Structure formats: structure tokens, C-alpha cells
Amino acid sequence: MATDTHDGPDPEAAVRGQRALDLLDKAIDLQTPLVRKNIARARQRNPEATPAQVIRNLERMYVSALSGTGAAVGATAAAPGVGTGVALALSAGETLSSLELSALFALSIAEVHGVPIDEVERRRTIVLGIMLGGSGSTTITKVAERTGQHWGRQVVAKVPVETLRQINKILGKNFVTKYGTKQGIIVLGRVAPFGIGAVIGGGANAALASLAVRAGRRAFGPAPKSWPEVTGGMPSTPGDS
């Protein structure tokens with residue numbers, strides 16, 4: 001019987017997948033130190049804002065920022081003298097920007113809810129779980145053998161790091177498949193001619209951001225009623241370090 005040479009592992013796909021995960025880790029590493037500054041920025045207009053109000057501000061900031069990156073790259077394709085190759089190159093660079101924005105958003109929401117982000121595996125679970133939406137939450141609760149709502153509080157804050165490591169292996173594979181597919185579609189949309197790419201790029205990123213916002217709400221549930229008062233908790237004013 002003849003064998004199908006395509007049945008084995010695809011080395012190129014494995015390399016692309018690892019690159020995507022490396023980009024994600026880089027985004028998480030870069031944005032983790034900026035989490036509290038991001039929350040402070042969301043509180044600037046109203047220093048007395050409740051955690052729930054700050055979370056809403058973080059959501060609006062995230063959707064606006066992610067939509068803007070997609071529209072900007074899409075508009076480049078319509079600019080006189082700018083070719084599709086330039087727009088594609090910008091899209092490749094913008095992938096990291098999108099990941100950074102998503103990582104910053106997810107970790108900021110976790111911080112407001114008091115969920116620890118001190119360990120890298122916890123950070124990965126939070127970011128991957130929110131970016132993957134419903135499939136992410138299903139994987140997390142199944143592997144952790146936990147039931148109930150709000151995996152961000154029930155799982156990330158409580159299960160051992162070794163369990164989170166097992167969860168992240170599965171989430172990583174799902175991320176490569178889902179994120180890679182969506183990015184491919186969005187990149188093609190952004191380089192559409194005559195300015196159509198700006199509409200598709202901004203709209204697609206806005207849709208992805210909205211999905212992440214809903215996933216964040218499901219992951220953590222209602223916001224805390226007040227800010228923690230203990231030393232090392234959230235800054236009491238936007239100007240605190």
C-alpha cells in the first residue's frame with residue numbers, strides 16, 4: 001500500500017507555530033511591567049473610579065487601540081506609491097503590536113481583579129485563555145478539573161504551576177491554529193486596494209477585541225467593589241508608582 005507523504009509532521013508548520021508562541025511570550029514579557037501604568041492611565045480622568053469603572057475604561061482603550069492598528073495598516077495599501085508588499089511587511093510587524101495590546105489588556109484586567117500575575121505560567125494562561133475565548137475557558141477548566149464560572153479566579157489564582165504548565169501546552173497549540181488562521185484572513189483584508197483594507201483591517205481587529213473583552217468578563221466575573229488597601233496592592237492614585 002502506498003503511503004501518503006503528507007501524513008507526517010509538517011516541519012515548516014512547526015517552525016511557524018513556534019514563532020507565533022515566541023512572539024506571544026515576547027509580548028507578555030514586554031507588557032507585564034506596564035500593567036499598573038496602564039491601569040493608572042485608565043483612572044486618570046476619574047481618580048475615584050471604582051474597579052468596575054476602570055475595567056470599562058480598559059476595555060474601551062483596548063478596543064480603540066487594536067482597531068486603530070488594523071485600520072492604519074489597511075490604509076497604507078491605498079496610499080499613492082505604496083505597494084502591497086509594503087503593506088504586508090507592516091502587517092507582519094503589527095502582529096506583535098496586536099499581541100502586545102492583547103497581553104496588556106488581559107493582564108491589566110487580572111490585576112484589577114487581584115489575580116496574581118507574578119509567575120510566567122499564570123500570565124500565559126491568562127493571556128491565552130482570554131485570546132482563545134470560549135475554547136480557552138473550556139480547556140482550562142477541563143485540565144484543571146475545576147467546575148463553575150470565572151476560571152480566572154478559580155483556576156489561575158489557585159491551581160499549582162505544574163497544572164498551569166499542562167494547560168498552557170494545550171492552549172499554545174490552539175493559539176497557533178486559531179490565531180494564525182485569523183491573522184491570515186485579516187492580513188489579506190488589510191491589503192485590499194482603494195482603501196477597502198482600512199475598513200476590513202480596523203473592523204476585523206475591532207471584532208477580535210470585542211471577543212477578548214467578552215472573554216475577560218467571563219473569565220473574572222464582576223469587578224471587586226473597592227481597591228485593596230494593603231501595601232503592594234493597586235495604586236491609590238494614578239500618579240503612584
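Structure shown above.
The structure displayed is predicted, hence computed values, not measured ones. (Residues numbered from 1 in each chain as written. Predicted model: local features only at pLDDT ≥ 70, side-chain atom pairs only at ≥ 80, totals over all residues. Heavy atoms only, no water.)

Draft legend 1. Inspection of the overall build of the protein at higher detail. Looking only at helices and strands, one finds nine helices and zero strands in the protein. Overall, the protein shows an N-to-C arrangement of helices and strands of α-α-α-α-α-α-α-α-α. In the protein, which comprises 241 residues, the proportion classed as buried is 43%. Long-range pairs, those at least 24 residues apart, make up 77% of the contacts in the protein with a sequence separation of at least 6. Summed over all atoms, the accessible surface of the protein reaches about 12,600 Å², with 58% contributed by carbon and sulfur. (Helix = DSSP H or I, 4+ residues; strand = E, 2+ residues; numbered from the N terminus. Buried < 20%, exposed > 50% of the residue type's maximum accessible area, 1.4 Å probe, protein only. Contact = heavy atoms within 4.5 Å. Areas by Shrake-Rupley, 256 points an atom, 1.4 Å probe, with all protein chains shown as cover.)

Draft legend 2. A look at the environment of Ala103. With respect to the helices and strands, Ala103 occurs in helix H4 (residues 84–112). A sequence separation of 25 residues divides Ala103 from Leu128, and the C-alpha atoms of the two residues are 8.6 Å apart. When neighbours within four sequence positions are excluded, Ala103 is seen to be in contact with Ala27, Ile28 and Val127.

Draft legend 3. Molecular detail of the pattern of salt bridges. The full count for this structure, using the stated rule, is eight salt bridges. Between Arg56 and Glu59 there is a salt bridge, and its shortest N-O distance comes to 3.6 Å. Of this pair, Arg56 and Glu59 both sit in helix H3 (residues 51–76), three residues apart, roughly one helical turn. For Arg165, the salt bridge identified is with Glu162, shortest N-O distance 2.8 Å. With Arg165 and Glu162 both in helix H8 (residues 161–190), this residue pair falls three residues apart, about one helical turn. Note on Arg165: relative accessible area 33%, which makes it partly exposed. Since its relative accessible area comes to 45%, Glu162 is described here as partly exposed. Among the charged side chains, a network of salt bridges with common partners joins Asp25, Glu121, Arg124, Glu162 and Arg165. (Salt bridge = Lys/Arg side-chain N within 4 Å of Asp/Glu carboxyl O.)

Draft legend 4. Examining helix H5 (residues 120–132) more closely. The end-to-end C-alpha separation of H5 is 18 Å, in line with the 18 Å expected for 13 residues at 1.5 Å each. Burial of H5 is extensive: ten of the 13 residues sit out of reach of the surface. (Expected span 1.5 Å × (residues − 1).)

Draft legend 5. Molecular detail of the packing of aromatic side chains. As enumerated under the stated definition, the model contains two aromatic pairs in all. Taking the centre distance of 4.4 Å and the plane angle of 5° together, the rings of Tyr62 and Phe105 count as stacked. Remark: Phe105 occurs in helix H4 and Tyr62 occurs in helix H3; sequence separation between them is 43 residues. Residue class for Tyr62 comes out buried when judged on its relative accessible area of 5%. The exposure class of Phe105 is buried, given its relative accessible area of 3%. Aromatic side chains Trp151 and Phe220 sit 6.2 Å apart centroid to centroid with 40° between the ring planes, which places their arrangement in the tilted category. Note that Trp151 is positioned in helix H7 (residues 151–156) and Phe220 in helix H9 (residues 196–220), a separation of 69 residues in sequence. Grouping residues by exposure puts Trp151 and Phe220 together as buried. Here Arg43 stacks its cationic end above the ring of Trp227, 4.3 Å away from the centre of that ring. (Phe/Tyr/Trp six-rings, centres within 6.5 Å; stacked < 30°, edge-to-face > 60°. Lys NZ or Arg CZ within 6 Å of the ring centre and 35° of its normal.)

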